[in-house]
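# Tertiary structure, described
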Amino acid sequence: MTASTDITPVPERDRVPRYEPTEIEPHWQQRWDELGLYRTDLSDTSRPRYYLLTMYPYPSGDLHIGHWYICTPTDAIARFRRMNGDNVFFPIGFDAFGLPAENAAIKSGIHPAVWTMRNVENMRRQFRTMGATFDWDSEVVTCLPDYYRWNQWIFLRFLENDLAYRRMSAVDWCPKDQVVLAREQVEGADRVCWRCGTPVVKRDLEHWSFRITKYADELLDFTGIDWPEPIRQMQTNWIGRSEGAEVVFTTAPSDHHAGGEELRVFTTRPDTLFGATFMVLAPEHPLVASLTAPERRAEVEAYIEAARRRTEIERLSTSREKSGVSLGADAINPVNGERIPIWIADYVLSGYGTGAIMAVPAHDERDFEFAKVFGLPIVRVIAPEGAADDGIVAEAFVAHTPGERLVNSGPYSGMPADEGFRAIVTDLEARGQGTATVTYRLRDWLVSRQRPWGTPIPIIYCEADPSCGIVPVPDDQLPVLLPDDFRYSPEGGNPLEQTESFVRTTCPRCGGPGRRETDTMDTFVDSSWYWWRYLAPDKLDGPIDRALDDAWCPVDQYTGGAEHAVMHLLYSRFFAKALADLDIVTEREPFQRLFNQGQILGADGERMSKSRGNVQDPDELVSRYGADSVRLFLMFMGPWDQGGPWSPTGIEGVHRFLRRVWAVVLDPTGSESDGSTVDVADGERQVRVAAHRALQGVTEDHAGFRWNTIVAKLMELTNTLMRFRGTPVAGTSGWDEATDLLLLMLAPEAPHIAEELWARRLEAAGEPWRSIHTQAWPAFDPALVVAETIELPVQINGKLRDLVPMAPGLPQDEIEQLVMARPKVQANLEGMSVVKVVHVGGRLVNIVVRPAS
RNA sequence: GCGGGAGUGGUGGAACGGCAGACACGCCAGCCUUAGGAGCUGGUGCCGCGAGGCGUGGGGGUUCGAGUCCCCCCUCCCGCACCA
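Everything numeric here is computed off the predicted structure, so don't read it as measured data.

### Remarks on the overall build of chain A
Helix and strand counts for chain A come out as 28 helices and 31 strands. Along the first, second and third principal axes, the C-alpha atoms of chain A reach 120 × 95 × 50 Å. Here chain A holds 853 residues, and 51% of them are scored as buried. Put simply, of all contacts in chain A between residues at least 6 apart along the chain, 72% involve residues at least 24 apart. Only carbon and sulfur atoms are counted for the fraction: they give 51% of the accessible area of chain A, which is about 38,000 Å². Taking the average location of the 87 positive side-chain charges in chain A and that of its 122 negative ones, the two points are 2 Å from each other.

See the structure below:
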């Protein structure tokens, strides 16, 4: 009371609170949640629908920065679409079956279900800190029976419609642990089991498969969907359609072999049939054993054994020297009756085509190399126009050229290659020795997994009556539940096999004893239809609500990692087509528009994984800088489809930016000005122009998800506002307009700070609160974005020489007059004669000159 | 190896075939502050005192003009069918 004069009055502007993201962010997250701002009314048809889907995560335990990189820009899309008037549905869930839970179970004895659900709990909590607008009411968790029973239901429908079937397939097998190994569980160049170091072998097992190849041609057709070209190309190459012919060779009789067996080969070049100088079978080909001459048996068997240890990637490598073994038997070429030797080689795969090829070394690079290594004959049968046929073939002639003709091809010699192709196939067909055929590289989808943590395949093997055989579990007995008591035994194998309570059952057909199928489904089955389940996660009488499917699908926008370019995205397309044929859904393509963002790698440039110890924990960044800064930083890093190594350098920059936004909005009169006087009207115009130009750019950038340039434009606008902060411009309505636009533009990307500042401005203006996230996206004023004067770049011979200020839109002759009058231009034209002057739409002038003679 | 993508300052990156380096990080200088891992102002591709020259992984080409289009090569990333 007495010493009041000693107290320095606190200046007005010091009362502006600091930007404390950790205080405002949880507040708004809670508020949005309470208001149900992002719970989507799926029955609302008054607004255009926008189904925004992002690839659901595996519940590994903790969210890492990669999840933020996928989810937070996607959330910005959701918020932007809402501001543009759409009814946005943006769900999330968990891809909850998979290997890591099994590994944890083996290591610590925790049941995979317990481990998984604990992780789900934790990740739900972490997801909330993103400030993302997920509709949690629609969540699905695929390891829960409510979800996986419908995998089983769909499997049974596939089975009924011949889309699911059993076949033999080779898998990587650890002989010691008695388990099938995933590719990532096979380590090193010597291919040993990750757990025990035992060399891995290939083993043939009976497997369930889905008949995706039935849809191969339809999957090649991307009409009507808006997908990135590289992804379409990768899928197209993966499907690998090739047109050609299946040609029937016959085995020739020999001492050890009676002959007369059919040997079918697939070739894309039946026109080269006369150039086939040997034949190559895959080492796994069923006729190998009977064709092998006794004296060659030891060598052949050793080669087969070696091939079975190789990966497909190795076998197809073109950099490896070709290897192979002759069987000591011949085949007869159906076009000319010639005998050619039969070899086996690992570059021929049993799963592609017929597992056998006719080798035409003159016209196939691999066959050419093989022939060189083993000294086999090379006969040219296609000659480019005008080529001298000297009989020497220096390299395989593969490319098609106009005017190429068949040579050395009996009656077909002289024909153009494409005509020869057709003639040979027609003649073979007439004699029953060949047919025109289309082959695909795509193989049917092997869905069986010999693992305990997946959807049980709903099949029972009857042990009482052989006529029952393989019996599907009736729908009313679904779900086939996973046992909650299985144990990993030290002997290995699939624990389900050892769980009597699971395996022992009764045959649904005869009531006798039966064994359950212990294979579970590939987790890609779960992820091939989950977006439909989001629409009705609690539906009890079927997997998919048809009315909601019709109202909301296909998904308008799908976002997720490019590492899923082929498999997940192809399987999902297959499901849409198969389910449409079964009349379960309507649309045949699941995702209208696709965007694949890049991957965030560890600081070491390697894929982030716990085992590498290069995982970036976002929680730490959030507690230090706030979610908005982390979101903005991830968006600012670079193009979204690029990804890159993680480096926190630079997060300070976006954080500083948000602090400047805070200061500019809450404290526009703060005295950071340099004191020079400004023209208020001009300044007001400048901030309005800056705001509307930013708005134009930001709106455009949103269409292409160019977050980095959006953030840069908002920074530029803020920098402009900073220049006028503390000047009378800050009190004008133009300033207010610019700050409002800044906040509205910032709202999708940095939702908390935008909401907080918006609320404070409303409060200061005495208006009732309304969320910035329900405001309409503003429209820019076209009159403000056109330039009043321009500086026209002038080039001489393509090199920049001058910038000429002028009004925009002048006619070419006036521009030329102004340009030619410039001293710099004159100086550069000294001793030159002008060849021509190129005008580029009033944006640039290039004067082409050469030395005057 | 095959298929797809990417290489731009010290760093992340920007740039309808038309002013290379926007916007940031970092660094340098100055200001402000009792203080700063705070804030503000200015500078910053390389060579050169300068005029100017050189510059987008390397080499060729198309074009009045190329980071951008075409061909060859190098490096890195993603996928290759049981990781998800």
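### Some details on the pattern of salt bridges
A full pass over the atoms with the stated rule returns 55 salt bridges. A salt bridge links Arg 588 to Glu 218; the nearest nitrogen and oxygen atoms lie 2.8 Å apart. Residue Arg 588 is found in the loop between α18 (567-581) and β25 (591-597), and its partner Glu 218 is found in helix α6 (residues 216-219); the two are separated by 370 residues along the sequence.

### Points about the protein's contact with RNA strand B
Close to RNA strand B lie 68 residues, the nearest being Asp 95, Gln 450, Arg 624, Asn 719 and Arg 843. Each atom of RNA strand B within 4 Å of the protein was assigned to sugar, phosphate or base; sugar and phosphate come to 65%. Separating a phosphate oxygen of RNA strand B from a side-chain N or O atom of Arg 656 is a distance of 2.9 Å. For the surface near RNA strand B, the element with the most residues is helix α23 (residues 707-724), which contributes seven residues. The residue inventory of the surface near RNA strand B, partitioned by class, reads 28 nonpolar, 21 polar and 19 charged.

### A closer look at helix α22 (residues 680-703)
With 24 residues, α22 should reach 34 Å at 1.5 Å per residue; the first-to-last C-alpha distance of 35 Å fits that figure. Among the residues of α22, Gly 683, Val 687, Val 689, Ala 690, Ala 691, His 692, Ala 694, Leu 695, Gly 697, Val 698, Asp 701 and His 702 are the ones counted as buried. Capping the start of α22 is the job of one residue whose side-chain oxygen sits 3.1 Å from the backbone nitrogen of Ala 681: Asp 679. Following α22 by one or two positions, Phe 705 has its phi on the positive side, about 55°.

### What to know about the packing of helix α20 (residues 627-636) against helix α25 (residues 751-764)
Viewed as axis vectors pointing N to C, α20 and α25 meet at an angle of 125°, and their least axial separation amounts to 7 Å. Classed by the angle they form, the pair α20 and α25 counts as oblique. Of α25, the residues touching α20 (which contributes Ala 627, Asp 628 and Arg 631) are Pro 751, His 752 and Ile 753.

### Observations regarding the nonpolar core
Core analysis: the biggest nonpolar cluster contains 168 residues, and Tyr 51, Phe 158, Phe 210, Trp 531 and Phe 575 have the highest contact counts within it. What Phe 210 contacts, discounting residues up to four positions off in sequence, is Phe 155, Phe 158, Leu 163, Ala 164, Tyr 165, Asp 444, Trp 445, Val 447, Val 525, Phe 574 and Phe 575. Counting residues in each nonpolar core, the second largest holds 48 residues, with Ala 276, Ile 340, Ala 371 and Ile 424 among its members.

### A look at the pairing of strand β29 (residues 799-806)
Pairing of strand β28 (residues 790-796) with β29, which is carried by seven bridges, proceeds in the antiparallel orientation. Across the sheet, Glu 791 pairs through a bridge with Pro 805, a residue of β29. Linking two consecutive strands that pair antiparallel, namely β28 and β29, is a turn of two residues; a positive phi of about 50° is found at Asn 797 within it.

### Here's the deal with the sheet that holds strand β31 (residues 844-851)
The mixed open sheet is built from four strands, whose spatial order is β29-β28-β31-β30. Across the chains shown, the open sheet's two edge strands, defined by having one partner strand only, are β29 and β30 (832-840). Sheet twist, expressed as the average angle between the axes of neighbouring strands with direction ignored, equals 25°. Here helix α27 (residues 812-820) sits on the sheet and contacts β28, β29, β30 and β31; the angle it forms with β30, its principal contact strand, is near 130°.

### Side note on the environment of Ile 110
The residue Ile 110 is located in the loop between α3 (99-108) and α4 (112-128) in this model. C-alpha separation for the pair Ile 110 and Arg 195, spaced 85 residues apart in sequence, amounts to 19 Å.

### Focus on the sheet that holds strand β24 (residues 555-561)
Sheet architecture is open: four strands sit in the order β2-β1-β24-β25, paired in parallel fashion. Each having just a single partner strand, β2 (87-89) and β25 make up the two edges of the open sheet. Neighbour to neighbour, the strand axes of the sheet diverge by 20° on average, direction disregarded. With six bridges connecting them, β24 and β25 associate as parallel partners. Within β25, the residue paired with Tyr 558 across the bridge is Leu 594. On top of the sheet, helix α2 (residues 65-83) reaches β1 (49-54), β2, β24 and β25; it is set at about 175° to β1, its chief contact.

### Quick look at the packing of helix α21 (residues 651-666) against α25
For the pair α21 and α25, the least separation of the axes is 11 Å and the interaxial angle reads 10°. Between α21 and α25, the angle is such that the two are roughly parallel. Packed against α21, whose contacting residues are Leu 658, Val 661, Trp 662, Val 665 and Leu 666, the element α25 presents Ile 753, Glu 756, Leu 757, Arg 760 and Arg 761 at the interface. Looking at the contact of α21 with α25 residue by residue, the classes come out as seven nonpolar, no polar and three charged.

### Re the environment of Ala 331
Assignment of secondary structure puts Ala 331 in strand β11 (residues 325-332). Each C-alpha atom, one on Ala 331 and one on Ser 527, is 47 Å from the other, the two residues being 196 residues apart in sequence. Excluding residues within four positions of it along the chain, Ala 331 makes contact with Phe 249, Thr 250, Thr 251, Ala 252, Leu 263, Met 279, Glu 338, Arg 339, Ile 340 and Ile 342.

### Regarding the domain arrangement of chain A
Assigned domains of chain A: these are domain 1 (44-161 + 212-238 + 519-604), domain 2 (164-210), domain 3 (241-440), domain 4 (650-784) and domain 5 (788-851). Using C-alpha coordinates to define each centre, domain 3 is positioned 70 Å away from domain 4.

### Some details on the packing of aromatic side chains
One pass over the structure, following the stated rule, counts 48 aromatic pairs. Ring geometry for Phe 127 and Phe 134: centres 5.4 Å apart, planes at 85°, overall edge-to-face. For the residue pair Phe 127 and Phe 134, the accessibility class agrees, reading buried in each case. Sitting over the ring of Trp 173, Arg 203 keeps its end group 4.3 Å from the ring centre. In this structure, Arg 573 is placed above the aromatic ring of Trp 227, and the distance from its NZ or CZ to the ring centre is 5.6 Å.

### Some points on α4
In this model, α4 (17 residues) spans 24 Å end to end at C-alpha, consistent with the 24 Å of a helix rising 1.5 Å per residue. Burial in α4 covers these residues: Pro 112, Trp 115, Thr 116, Asn 119, Val 120, Met 123, Gln 126 and Phe 127. In a view along the axis of α4, the buried residues occupy a sector of 135°, so they form one face of it. Among the structural elements, α2, α3 and α19 (618-625) are those in contact with the buried residues of α4.

### Description of the pairing of strand β10 (residues 278-281)
For a regular strand, side chains alternate in direction, first toward one face of the sheet and then toward the other. Burial along β10 is two-sided: Phe 278 and Val 280 facing one way and Met 279 and Leu 281 facing the other are all buried. The pairing of β10 with strand β13 (residues 356-359) spans four bridges and is antiparallel. Residue pairing across strands places Phe 278 opposite Ala 359, the latter belonging to β13.

### With respect to the environment of His 207
Take His 207: it is sitting in strand β7 (residues 201-210). His 207 sits in the buried class, given a relative accessible area of 0%. On a C-alpha basis, the gap between His 207 and Leu 144 in space is 24 Å, while along the polypeptide they are 63 residues apart. Non-local contacts of His 207, meaning those with residues more than four positions away in its chain, are made with Tyr 165, Arg 166, Arg 167, Ser 169, Val 171, Leu 446, Ser 448 and Gln 450. At 3.5 Å, the side chain of His 207 forms a polar contact with the side chain of Gln 450.

Criteria and cut-off values
- Residues numbered from 1 in each chain as written.
- Chains lettered and ligands numbered in written order.
- Predicted model: local features only at pLDDT ≥ 70, side-chain atom pairs only at ≥ 80, totals over all residues.
- Heavy atoms only, no water.
- Helix = DSSP H or I, 4+ residues; strand = E, 2+ residues; numbered from the N terminus.
- Buried < 20%, exposed > 50% of the residue type's maximum accessible area, 1.4 Å probe, protein only.
- Contact = heavy atoms within 4.5 Å.
- Areas by Shrake-Rupley, 256 points an atom, 1.4 Å probe, with all protein chains shown as cover.
- Lys, Arg positive; Asp, Glu negative; His and termini not counted.
- Charge placed at Lys NZ, Arg CZ, Asp CG, Glu CD.
- Salt bridge = Lys/Arg side-chain N within 4 Å of Asp/Glu carboxyl O.
- Near = heavy atom within 4 Å.
- Polar contact = N/O pair within 3.5 Å; in protein donor to acceptor, adjacent residues only side chain to side chain.
- Nonpolar A, V, L, I, M, F, W, Y, C, P; charged D, E, K, R; others polar.
- Expected span 1.5 Å × (residues − 1).
- Axes fitted to C-alpha atoms, helices over the stretch in contact; angles between N-to-C directions.
- Parallel < 35°, antiparallel > 145°, perpendicular 65-115°, else oblique.
- Core = buried A, V, L, I, M, F, W, Y, C linked by side-chain atoms within 4.5 Å.
- Pairing = 2+ DSSP bridges.
- Domains from an automatic or database assignment.
- Phe/Tyr/Trp six-rings, centres within 6.5 Å; stacked < 30°, edge-to-face > 60°.
- Lys NZ or Arg CZ within 6 Å of the ring centre and 35° of its normal.
- Arc of directions from axis to C-beta.

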